[in-house]
Amino acid sequence: MDKSKRKAIIAGNWKMNKTPSQAKALLEELIPMVKDADCEVVACVPYVDLAVAVETVKGTNIKIGAENAHWEKSGAFTGEISTDMLKEIGVEYVVLGHSERRQYFGETDETVNKRTKAVLAAGLIPIVCVGELLWERKCDITDEVVARQVKLALYDVSAEDVKKTVIAYEPVWAIGTGETATADQAEEVCAAIRATLAKLYDAETAEAVTIQYGGSMNAGNCDELLAKTNVDGGLIGGASLVAEKFQPIVAAASK
Ligand code: 13P
């Protein structure tokens, strides 16, 4: 297995944090710190921060992502944001199906699939989040749960498009809890995701897909996690909100 075929991506998911002026300040701090990174560096930020974020990182190696997108092109969907709106302002990535959206906002595997197809059709890169609850891990159905989420998210997505898709394995019990999956646990599930992709498509396609780990990743545990064969990067919550905490993770992925 040749990890170098895949693009390592370290993406911050800021969640509901940072006003536009705070977003500008954090990105300005981050720009010189990650300018020599040998991996893709992405900041996924709240909708209202997107325009200033895109403007701030212009000419740098940092890419900007949104935290969700609607599947329809336009219409009567009060409060929603379309892929065309994101594309026009220069967004490149979109986080989809995050467990917080599944848990608090009624996100389902079906809507994740619709969003994934819309994001790909717009030429944006989806970061599709999957992961098991603690209860599901205790019942020893992690691989089944995650395989189901992956298959449903990718229904009707072509092999060509899946190669552009990023999958983020985020065990729900490890998000914002300070409890990280061990590097072996992360590797096991990321490898199972790749095996699912190989079954759905083929081995060559599966090998091309970037699979991130997310869940309390930080400067202290990122080396071990990112060294794993099937862990191609990270989706970082808390540690992405402070430049000094995010930079070491980018450095670890650049090794
Ligand atoms: P934390 O890094 O805060 O655990 O969040 C992970 C996450 O949910 C990223 O999407």
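Everything that follows concerns the structure shown earlier in this document.
Worth saying up front: this structure is predicted, and the values here are computed from it rather than measured. Residue indices follow the written sequence of each chain, beginning from 1 at its first position. It should be noted that, the model being predicted, local features are given only for residues of pLDDT at least 70 and side-chain atom pairs only at 80 or more, the latter also being counted only at that level, while totals for whole chains, interfaces and linings use all residues. Side-chain measures here rest on the full set of heavy atoms in the structure, leaving out hydrogens and waters.

(A) Region of the structure containing the overall build of the protein chain. The helix and strand inventory of the protein chain stands at twelve helices and eight strands. Computation of the radius of gyration draws on C-alpha atoms, with the globule rule given as 2.2 Å multiplied by the number of residues to the power 0.38. Relative to a compact globule of 255 residues, whose C-alpha radius of gyration would be 18 Å, the protein chain shows 17 Å and is just as compact. Referenced to the eigenvectors of the C-alpha coordinate spread, the extents of the protein chain come out at roughly 45 × 45 × 35 Å. The rule is simple: take the accessible area with a 1.4 Å probe, protein chains only, and divide by the maximum for that residue type; under 20% is buried, over 50% is exposed, in between is partly exposed. Within the protein chain, the proportion of its 255 residues that are buried is 51%. The Shrake-Rupley method, run with a 1.4 Å probe sphere, supplies the accessible areas, and residue values consider only the shown protein chains as cover. By element, 53% of the accessible surface of the protein chain is carried by carbon and sulfur atoms, the whole surface being about 11,500 Å². Neither His nor the chain ends is counted toward charge; the positive residues are Lys and Arg and the negative residues Asp and Glu. Lysine's charge is taken at NZ, arginine's at CZ, aspartate's at CG and glutamate's at CD. With 28 positive and 38 negative side-chain charges, the protein chain shows a spacing of 1 Å between the two charge centroids. The helix and strand labels rest on DSSP assignments: H or I over at least four residues marks a helix, E over at least two residues marks a strand, and numbering proceeds from the N terminus.

(B) Structural detail: the site of the ligand. With respect to spatial proximity, the complete set of residues near the ligand consists of Asn13, Lys15, His98, Glu170, Ala174, Ile175, Gly176, Gly215, Ser216, Leu235, Gly237 and Gly238. We define a polar contact as two N or O atoms separated by no more than 3.5 Å, with the added condition that, inside protein, one atom must be a possible hydrogen donor and the other a possible acceptor, whereas residues neighbouring each other in sequence contribute only through side-chain atom pairs. Here an oxygen atom of the ligand and a backbone polar atom of glycine 237 are 2.9 Å apart. Amino acids are sorted into nonpolar (Ala, Val, Leu, Ile, Met, Phe, Trp, Tyr, Cys and Pro), charged (Asp, Glu, Lys and Arg) and polar (every other residue, Gly among them). Residues of the shell around the ligand, tallied by class, amount to three nonpolar, seven polar and two charged. We call a residue near a molecule or strand when any one of its heavy atoms sits within 4 Å of it.

(C) Quick peek at helix H7 (residues 142–153). Under the convention used throughout, the expected extent of a helix is 1.5 Å for every residue step, that is, one less than its residue count. In this model, H7 (twelve residues) spans 16 Å end to end at C-alpha, consistent with the 16 Å of a helix rising 1.5 Å per residue. Those residues of H7 not exposed but buried are Thr142, Val145, Val146, Ala147, Gln149, Val150 and Ala153. Contacts are residue-level and defined by heavy atoms, with any inter-residue pair within 4.5 Å sufficient. Packing partners of the buried residues in H7 comprise helix H4 (99–104), helix H5 (109–121), strand S5 (125–130), helix H6 (134–138), strand S6 (166–169) and helix H9 (183–200).

(D) Expanded view of the packing of aromatic side chains. Side-chain rings of Phe, Tyr and Trp, where Trp is taken by its six-membered ring, are said to pair if the distance between their centres is within 6.5 Å; with planes under 30 degrees apart they count as stacked, over 60 as edge-to-face, and otherwise as tilted. Under the counting rule described, the total for this entry stands at two aromatic pairs. A centroid spacing of 6.3 Å and a plane angle of 80 degrees characterise the contact between tyrosine 104 and phenylalanine 105, whose relative ring orientation is edge-to-face.

(E) Local environment of the nonpolar core. Among the nonpolar cores identified, the biggest contains 63 residues, and Ile10, Ile62, Ile64, Ile193, Leu197, Tyr213 and Leu226 are the most heavily contacted of them. Among buried residues, the Ala, Val, Leu, Ile, Met, Phe, Trp, Tyr and Cys ones that are joined through side-chain atoms within 4.5 Å form a nonpolar core. In terms of nonpolar packing, the next biggest core, distinct from the first, is built from eleven residues, Ile9, Ala11, Cys44 and Ala168 among them.

(F) Layout of the state of the cysteines. Only a pair of cysteine sulfur atoms within 2.5 Å counts as a disulfide in this structure description. Taken as a whole and judged by the stated rule, the model has zero disulfides. Free of any disulfide, cysteine 44 has its nearest cysteine sulfur in cysteine 129, 8.9 Å distant. A relative accessible area of 0% means that cysteine 44 is categorised as buried. Using a relative accessible area of 1% as the deciding quantity, one classes cysteine 129 as buried.

(G) Quick look at the environment of glycine 215. Among the secondary structure elements, glycine 215 is positioned in the loop between strand S7 (210–214) and helix H11 (222–226). Overall, glycine 215 belongs to the buried group, its relative accessible area being 6%. Excluding its chain neighbours within four sequence positions, the residues that come into contact with glycine 215 are Glu170, Ala174, Ile175, Glu179, Thr180 and Leu235.

(H) Structural context of the side chain of glutamine 212. Relative to the elements of secondary structure, glutamine 212 occurs in strand S7. Accessibility expressed as a relative area gives 0% for glutamine 212, which makes it buried. Among the polar contacts listed, one links the side chain of glutamine 212 to the backbone oxygen of isoleucine 9, at a separation of 3.0 Å. A polar contact is formed between the side chain of glutamine 212 and the backbone oxygen of glycine 234, at a distance of 3.2 Å.

(I) Looking closely at the sheet that holds strand S4 (residues 93–96). Only strands that DSSP links by at least two bridges are regarded as paired with each other. Judged by pairing direction, the barrel is parallel, and its eight strands sit side by side in the order S1-S2-S3-S4-S5-S6-S7-S8 before closing back on the first. In this sheet, adjacent strand axes meet at a mean angle of 25 degrees when their direction is disregarded. As defined by bridge partners, strand S3 (residues 62–66) adjoins S4 across two bridges and the pair is classed as parallel. Its bridge partner lying in S4, glycine 65 is registered against tyrosine 93. Every angle, taken between N-to-C directions, lies between 0 and 180 degrees, and every axis is a line fitted to C-alpha atoms, over only the stretch in contact when it is a helix. The sheet contacts of helix H12 (residues 243–253) involve strand S1 (9–13), strand S2 (40–44) and strand S8 (233–236), and relative to S1 the element is tilted by about 160 degrees.

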